[in-house]
Amino acid sequence: MMLKPYWLRFHRWITLVFALPLLALILSGLVLSVEPLAQRTRPAAPVTEASVLAALQKFDPQGQATGLTIRTYDQLMTLNGVGPDGSVDVSLRSGEEIDEPGWAAWFGTARQLHERLLLDLGWLVTASTIAMLVLALLGVLMGWPRFRNTLGGWHNVSAWVFLPLIVLSPLTGLAIAFGITLIPAAAPTGGARPARLPLAEAIPLVARAHDLADLTSLRVRGGRLLARVYVGNRLTGVVVTREGLATPPMNWPRALHEGNWHALWGSGLNLALSLVLAGLWGTGLVIWAKRRFRKRNPRARLAAA
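Residues numbered from 1 in each chain as written. Predicted model: local features only at pLDDT ≥ 70, side-chain atom pairs only at ≥ 80, totals over all residues. Heavy atoms only, no water.

**Quick look at unusual backbone geometry**
Put simply, the rule is: Only runs of H or I of at least four residues qualify as helices and only runs of E of at least two qualify as strands under DSSP, and these elements are numbered from the N terminus.
The phi dihedral of Leu117 is positive, around 55°, even though this residue is not glycine. Note that Leu117 resides in the loop between helix H5 (103–116) and helix H6 (122–141). Positive phi, close to 65°, is recorded for Leu182, a residue that is not glycine. Positionally, Leu182 belongs in the loop between helix H8 (163–177) and helix H9 (199–209).

Spelled out as structure tokens, the structure:
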């Protein structure tokens, strides 16, 4: 307990130093937490093999597209690697190109803010994530809180009640940043890497096993063509090859961090955590400001006298 004043001082200063990037991460995480739930919105028009292939034939006749994404909440399919801008947005309703900002643009901006702070500041995101873990550790070192019906009392109790989630979120974020998947390394295979499967050939393979309305993306990852498909309410990665589909082990750090392990419960927990973190951030700064004001106020009164 003799060290508690020092832990408290470190806790305050780390919060102040990283206040702005932590706020950006918390608020962008709040927005992204509802994306898995939004993605389960059923499209107004069915997403069929024929409609997707027709869009590919119309906007990518040369077969140069590097990937596609489907956002049912915007009734939108985006083809990447084509067109003068590098991508083409296609309406799922009409099959025509559209240029209408929707929720996908908001989620995309939130993702850039969450991963790079809108700039090439991934290092600051990593440092802020580590700072969040340090803040949690310092909170534990300060000891079990006594509940008081004050701003500080609610701040301390909330931090302890949600401590597992508060620790899990930055831990999984760091795992993503450092490429830790908890998936056993595959045995090396000899020979040259197979040529990339064109999207026009991959779509029928995916459509045979899954409803394309459950497909969120199809793109090259780690030299493999990877489809991300909702199976039930879990977003699952599926490797697409000419031989068929293969489901690799789940990347649990990413699934837990993004809430994709379950569209409803994952989104709900991430939303609750974001609100708790925002509350801790705000109440922590208010507590610090009130203490600073109390320290300076007597001096001001003496000077006025």
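Read on for the rest.
**Some details on the sheet that holds strand E2 (residues 76–80)**
The test is simple: Here, a strand pair is defined by DSSP locating no fewer than two bridges between the strands. Lines fitted to C-alpha atoms define the axes, with helix axes restricted to the stretch in contact, and inter-axis angles between N-to-C directions lie between 0 and 180 degrees.
Read from one edge of the open sheet, seven strands run E3-E2-E1-E4-E5-E6-E7, paired in antiparallel fashion. Each edge of the open sheet carries a strand with a single partner, namely strand E3 (87–91) and strand E7 (244–246). Across the sheet, the mean angle separating the axes of adjacent strands is 25° when strand polarity is ignored. Sheet analysis places strand E5 (residues 224–231) next to strand E6 (residues 234–241), joined by six bridges and oriented antiparallel. Bridge pairing in E6 links Val231 to Arg234.

**As for a negative patch on the surface**
Using the following cut-off: Note on patches: the residues involved have over 30% relative accessible area and no salt bridge, like charges join within 9 Å, and the nonpolar side chains Val, Leu, Ile, Met, Phe, Trp and Tyr join within 5 Å. Only the protein chains shown count as cover for residues, and all accessible areas are computed by the Shrake-Rupley method using a 1.4 Å probe. Only one rule defines a salt bridge in this text: a Lys or Arg side-chain nitrogen within 4 Å of an Asp or Glu carboxyl oxygen. Here the positive residues are Lys and Arg and the negative ones are Asp and Glu; neither His nor the chain ends is included. Taken as the charge location is NZ of Lys, CZ of Arg, CG of Asp or CD of Glu. Note on classification: 1.4 Å probe, protein chains only; a residue is buried when its accessible area is under 20% of the maximum for its type, exposed when over 50%, partly exposed between these limits.
Judged by side-chain charge, Asp85, Glu97, Asp99 and Glu100 come together as a negatively charged surface patch. As for its placement among the helices and strands, Asp99 is situated in the loop between E3 and H5. Classification of Asp99 by relative accessible area gives exposed; the value is 73%.

**Looking at the pairing of E6**
In this antiparallel pair of consecutive strands, E5 and E6, the connection spans two residues, and Gly232 shows a positive phi of 70°. In the sheet, E6 pairs with E7 via three bridges, with the strands oriented antiparallel. Residue pairing for E7: Val240 is matched across the bridge by Leu245. Hairpin connection between E6 and E7: a loop of two residues separates the two successive antiparallel strands.

**Some thoughts on the pattern of salt bridges**
As a working rule, side chains carrying opposite charge can pair if their charged atoms are close by. Tallied over the entire structure, the rule returns 10 salt bridges. With a shortest N-O distance of 3.2 Å, Asp214 and Arg40 are connected by a salt bridge. In this pair, Asp214 sits in the loop between H9 and strand E4 (215–221) while Arg40 sits in the loop between helix H3 (35–39) and helix H4 (49–59), placing the two residues 174 residues apart along the sequence. We classify Asp214 as buried; its relative accessible area is 13%. Between Glu258 and Arg228 there is a salt bridge whose closest N-O contact spans 3.7 Å. Residue Glu258 is located in helix H10 (residues 252–258), and its partner Arg228 is located in strand E5; the two are separated by 30 residues in the primary sequence. Within this structure, Arg40, Arg42, Asp211 and Asp214 form a network of salt bridges that share partners.

**Looking at the packing of H4 against H9**
For the record, the criterion: Any angle that falls under 35 degrees is termed roughly parallel, while one over 145 is termed roughly antiparallel, one within 65 to 115 roughly perpendicular, and all others oblique. Only heavy atoms enter the contact rule, under which two residues are in contact if any of them lie within 4.5 Å. For this classification, the nonpolar set comprises Ala, Val, Leu, Ile, Met, Phe, Trp, Tyr, Cys and Pro, the charged set comprises Asp, Glu, Lys and Arg, and every other residue, Gly included, is treated as polar.
Look at H4 against H9: their axes get within 10 Å of each other, and the N-to-C directions meet at 170°. As far as their axial angle goes, H9 and H4 are roughly antiparallel. Together, Glu49, Val52, Leu53 and Leu56 of H4 and Leu199, Ala200, Ile203, Pro204 and Ala207 of H9 make up the contact between the two elements. Grouping the amino acids of the contact of H4 with H9 by side-chain chemistry returns eight nonpolar, no polar and one charged.

**Topic: the side chain of His155**
Tracing the sequence through the fold places His155 in helix H7 (residues 151–161). Apart from residues lying up to four places away in sequence, His155 is in contact with Leu280, Thr283, Gly284 and Ile287.

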